[in-house]
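The residues making up each chain are set out below.
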Amino acid sequence: MSIQELPEVPVLMVGNFFGSSKPKSVEQYLRPLVNELNEMIQNGIVIADKLIQIRVRAIIADSPARAFIKGVAYFNHKLGCQKCTVEGKHHSAARVSYFPDIDAPVTTDEDFRALKYGDHHREPSPFIDLLFFDMIKGFPTSDCLHLLDCRITRTYFNCLKSGKLGMHRKWSPDTISRINNVLQNVEIPTDFHRKFRNIEDTGLWKASEFNMFLHYASFIVFKDILTEEDYNHFMLYYCAVTLFSTNVYREHWPEADRMLKQFVVQYGVLYGEHRLTSNLHSLVHVYDDVCTFRALKTFSTYPFEDKLQHVKNSLRNGHKVLAQAANRISEQTPHSTVSKHPAFPYLECKGSGVTLHINYNMRLYPGTQDNWFLTKDFYIAKYCKAEKIGSTINIYGTALNKITETHTFFCSPMMKDIYEANTSDFTIESIVFSPTDIKCKLVAIKTDDTNYVFVPLIQTLVE
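What comes next is a walk through the structure. Bear in mind the structure is a predicted one, so any value in this text is a computation, not a measurement.

Okay, the overall build of the protein chain next. Check the secondary structure of the protein chain and you find 13 helices and 16 strands. The C-alpha radius of gyration of the protein chain comes to 24 Å, within 12% of the 23 Å expected for a compact globule of 463 residues. Across its three principal axes, the protein chain shows a C-alpha extent of roughly 70 × 65 × 45 Å. Across the 463 residues of the protein chain, 47% fall into the buried class. Within the protein chain, residue pairs in contact and separated by at least 24 positions form 61% of the contacts whose partners lie at least 6 positions apart. As displayed, the protein chain has an accessible area near 23900 Å², and 52% of this comes from carbon and sulfur atoms. Once the 51 positive and 51 negative side-chain charges of the protein chain are each reduced to a mean point, those two points are 6 Å apart.

Laid out in structure tokens, this is it:
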């Protein structure tokens, strides 16, 4: 469980299940949870003599878990879509179900509760009884980990690599070497826990690595590999996902919705209608989810998967697993909601220099990976140092004299805040900035000896 109003509070575990298989009865498994939630919703929780109202914002899970929790057909069923009434078809040669229609009527909470969707309903779900909860909108399908990074991006990338997509041939050793060189020139900030691994190892890549690849390398890598038609098609996906990944670009979300739907339609034309599986079809519903919950990161399973991995790694053996998990969790120091650091922005002195903490998501300090930033008046600058004078923080950096919006790779007004520049062309004197001047931290990608492409680090964009 996470608390929407307190994003700094880590994921809280409120229940755990252990068995030789998944629970066979959704009623037995989830009824106690629904009863407890309803009690809290009706009565609230008193904390420090203050009554706190409780509402369930969303149930976040991967596709099989969502179907189990809702008691509906699974993704490979012809009525497997949980957002609309599209009826899938079966492709006998590929042995897959596919969903070619992008304009089917949407499902509604009222009709779902009235069991009007026929074979879509598999068994009653306890969540039908959850107060103030929408059975359609409350289950987002656009999780960036499972849908985008693990399914769409990874499948697309690996099919291209192996020559199983369209007319593309398997990548040659020379092509793989060129791609590896591009990835080595991406200055990944320390916000990420790992750098890019070689293309030969994509079978071992984590979802977060495909996320990094999509946002900070894909549009450069694919430029020289794909045909112009295929590249322009891929960039529909790139731009749309980027726009949906931050609230800063929400005015462009309707256009991102159009781009994603165009991507889905053209995917069937370019690579075969049978490839429009439930994952591709789910892209049609991303806009509805972000309109309900805001940017993709606000309803991602990444923090929950991290928590689960931490719990699994804390187990010493396979004996009394639940007791071990409960003990390890109880041994952790309770997280205090009182901030342990000064109010943002603040400075922290380290051996390598002064680290500037702009907000919860953004920090700058001297070093090749973490010192580039974009200002709200469109300077690209390199962070040198910062100092506090009274109550004012001054940021000192050198700015690039000339930057241009990138048209080398893809010419579109939806390529937001992506610039090209020659890093030999700095201002002679240091410029003083304020923390409120900064729009985002940048990822620098070296394209030759002195030329770079700069891409916003998505989670640092400031509204």
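Tallied over the full model, the rule gives 36 aromatic pairs. Here Phe 344 and Tyr 346 contribute two aromatic rings whose centre-to-centre distance is 5.6 Å and whose plane-to-plane angle is 40°, an arrangement assigned as tilted. The exposure class assigned to Phe 344 is partly exposed, which follows from its relative accessible area of 34%. Judged by relative accessible area, which is 14%, Tyr 346 ranks as buried. The ring centre of Phe 132 lies 4.2 Å from the NZ or CZ of Arg 55, which sits over that ring. Positioned above the aromatic ring of Tyr 396 is the side chain of Lys 385, whose terminal nitrogen or guanidinium carbon lies 5.3 Å from the ring centre.

The next thing to look at is a nonpolar patch on the surface. Where nonpolar side chains cluster on the molecular surface, the patch consists of Met 1, Ile 3, Leu 12, Val 14 and Leu 33 and spans about 400 Å² of accessible area. As for its position among the elements, Ile 3 is in the segment before helix 1 (26-43). Exposure remark for Ile 3: the relative accessible area of 30% places this residue in the partly exposed category.

Before going further, it helps to examine the pairing of strand 15 (residues 438-446). In terms of burial, strand 15 is largely enclosed, as eight of its nine residues are buried. Pairing geometry for strand 5 (residues 186-187) and strand 15, over two bridges, is antiparallel. Residue pairing for strand 15: Val 186 is matched across the bridge by Ile 445. Bridge analysis of strand 9 (residues 372-375) against strand 15 gives three bridges, and the strand direction is antiparallel. Within the sheet, the bridge partner assigned to Leu 374 lies in strand 15 and is Cys 440. Where strand 15 and strand 16 (residues 451-456) come together, five bridges link them in antiparallel fashion. For Ile 445, the partnering residue across the bridge sits in strand 16 and is Val 453.

With the rule as written, the count across this model stands at 18 salt bridges. Note that Lys 83 and Asp 289 form a salt bridge whose closest N and O atoms lie 3.2 Å from each other. Here Lys 83 is found in the loop between helix 2 (63-70) and strand 3 (89-91), whereas its partner Asp 289 is found in helix 11 (residues 286-293), with 206 residues between them in sequence. Pair check on accessibility: Lys 83 and Asp 289 agree, each one buried. As a salt-bridge pair, Arg 122 and Glu 123 come within 3.1 Å of each other at their nearest N and O atoms. Relative accessible area serves as the criterion here: at 28%, Glu 123 is assigned to the partly exposed category. Each of Glu 27, Arg 31 and Asp 129 takes part in one network of salt bridges that share partners.

Let's shift gears to the side chain of Thr 423. Tracing the sequence through the fold places Thr 423 in the loop between strand 13 (419-422) and strand 14 (431-433). Dropping the residues within four chain positions of it, Thr 423 is found in contact with Trp 372, Leu 400, Thr 450, Tyr 452 and Phe 454.

With that settled, consider the sheet that holds strand 7 (residues 353-357). The antiparallel open sheet is built from three strands, whose spatial order is 6-7-8. The open sheet terminates on both sides in strands that have one partner only, identified here as strand 6 (346-350) and strand 8 (363-364). In this structure, strand 6 lies alongside strand 7, joined through five bridges in antiparallel fashion. Pairing of Glu 348 across the sheet is with Thr 355, part of strand 7.

Residue Pro 345 is bonded to the preceding Phe 344 through a cis peptide linkage, with omega at -10°. Residue position: Pro 345 is located in the loop between helix 13 (321-331) and strand 6. Even without a glycine there, the phi angle at Asp 49 is positive, about 65°. Mapped onto the elements, Asp 49 comes out in the loop between strand 1 (45-47) and strand 2 (50-52). The residue Asp 417 is not glycine, and still its phi comes out positive at about 60°.

If you walk through the whole model with that rule in mind, you get zero disulfides. Just so you know, Cys 150 is unpaired, no disulfide at all, and the nearest cysteine sulfur is the one on Cys 144, 10 Å from it. For Cys 150, a relative accessible area of 14% gives the class buried.

Attention now moves to helix 1. Across its 18 residues, helix 1 extends 25 Å between first and last C-alpha, which sits within 8% of the 26 Å expected from 1.5 Å per residue. Within helix 1 the residues assigned to the buried category are Val 26, Leu 30, Val 34, Leu 37, Asn 38 and Ile 41. The inward-facing, buried residues of helix 1 contact helix 2. Looking at the residues trailing helix 1, positive phi occurs at Gly 44, about 70°.

Another aspect to go through is the nonpolar core. In a soluble, globular protein the nonpolar side chains are often hidden away together inside. Formed by 91 residues in total, the largest nonpolar core has its most connected members in Phe 219, Phe 222, Tyr 237, Tyr 238 and Leu 283. Sorting elements by how many residues they give to this core places helix 8 (residues 228-244) first, with 11 residues. The contact partners of Phe 222, leaving out residues within four places of it in the chain, are Tyr 156, Phe 157, Leu 160, Trp 171, Phe 213, Tyr 231 and Phe 234. Listed in part, the 20 residues of the second largest apolar core include Ile 69, Val 72, Phe 133 and Ile 136.

Rules and cut-offs
Residues numbered from 1 in each chain as written. Predicted model: local features only at pLDDT ≥ 70, side-chain atom pairs only at ≥ 80, totals over all residues. Heavy atoms only, no water. Helix = DSSP H or I, 4+ residues; strand = E, 2+ residues; numbered from the N terminus. Rg over C-alpha atoms; globule rule 2.2 N^0.38 Å. Buried < 20%, exposed > 50% of the residue type's maximum accessible area, 1.4 Å probe, protein only. Contact = heavy atoms within 4.5 Å. Areas by Shrake-Rupley, 256 points an atom, 1.4 Å probe, with all protein chains shown as cover. Lys, Arg positive; Asp, Glu negative; His and termini not counted. Charge placed at Lys NZ, Arg CZ, Asp CG, Glu CD. Phe/Tyr/Trp six-rings, centres within 6.5 Å; stacked < 30°, edge-to-face > 60°. Lys NZ or Arg CZ within 6 Å of the ring centre and 35° of its normal. Patch = residues over 30% accessible without salt bridge, like charges linked within 9 Å, V, L, I, M, F, W, Y side chains within 5 Å. Salt bridge = Lys/Arg side-chain N within 4 Å of Asp/Glu carboxyl O. Pairing = 2+ DSSP bridges. Disulfide = S-S within 2.5 Å. Expected span 1.5 Å × (residues − 1). Core = buried A, V, L, I, M, F, W, Y, C linked by side-chain atoms within 4.5 Å.

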